[in-house]
Amino acid sequence: IGCSKSVVQFINNNVSGGLLNINTGLSPSVYPNPFATELIINLNQPVKATYKLVDMIGAIKMEGQFIGSSLLSPTHHLPAGMYILLLEVQGETYNY
């Protein structure tokens, strides 16, 4: 039985570990991983943040900003592959 489902995965390469929590008091969660139709970013407090989703060659596939503590972004238009999420909060950029 044929089933076609695009699944994309982002790489968690935040080598700073808990640095985001130490520097900003934020505890981000980014899920699901892998994702197919949507990407969710949750923070434990409201902030102004920007995000970029880049592919493995560095091309920006999706970007935007939000003010608040969560973002649900549709991803059904992205081709299957691996991505890195760049999250900028309070002037610091973190990789997921």
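Look up: the structure comes first, before these words.
Worth saying up front: this structure is predicted, and the values here are computed from it rather than measured.

A. Structural view of the pairing of strand 4 (residues 60-74). Two strands pair when backbone bridges link them, and strand 3 (residues 38-55) and strand 4 are joined in this way by 13 bridges, in the antiparallel orientation. Paired with leucine 39 across the two strands is serine 73, which belongs to strand 4. Turn length for the strand 3-strand 4 hairpin, with the two strands adjacent in sequence and antiparallel, is four residues, and the turn residue glycine 58 shows positive phi of about 95°.

B. Local environment of the nonpolar core. Formed by 20 residues in total, the largest nonpolar core has its most connected members in Ile41, Tyr51, Leu53, Phe66, Leu85 and Leu87. Listing elements by their share of this core, those giving two or more residues are strand 3, strand 4 and strand 5 (81-89). Of all the elements, strand 3 adds the most residues to this core, at seven residues. In this structure leucine 85 touches Val30, Leu39, Ile41, Tyr51, Lys52, Leu53, Tyr94, Asn95 and Tyr96, once residues within four positions along its chain are discounted.

C. Examining the packing of aromatic side chains more closely. Tallying each qualifying case throughout the model produces one aromatic pair. Here the aromatic rings of phenylalanine 35 and tyrosine 83 are separated by 6.5 Å at their centres, their planes lie at 40°, and the arrangement is tilted. With phenylalanine 35 in the loop between strand 2 (29-31) and strand 3 and tyrosine 83 in strand 5, the pair connects residues that are 48 residues apart, well separated along the chain. Exposure remark for phenylalanine 35: the relative accessible area of 1% places this residue in the buried category. Using a relative accessible area of 2% as the deciding quantity, one classes tyrosine 83 as buried.

Cut-offs and rules
Residues numbered from 1 in each chain as written. Predicted model: local features only at pLDDT ≥ 70, side-chain atom pairs only at ≥ 80, totals over all residues. Heavy atoms only, no water. Pairing = 2+ DSSP bridges. Helix = DSSP H or I, 4+ residues; strand = E, 2+ residues; numbered from the N terminus. Core = buried A, V, L, I, M, F, W, Y, C linked by side-chain atoms within 4.5 Å. Buried < 20%, exposed > 50% of the residue type's maximum accessible area, 1.4 Å probe, protein only. Contact = heavy atoms within 4.5 Å. Phe/Tyr/Trp six-rings, centres within 6.5 Å; stacked < 30°, edge-to-face > 60°.

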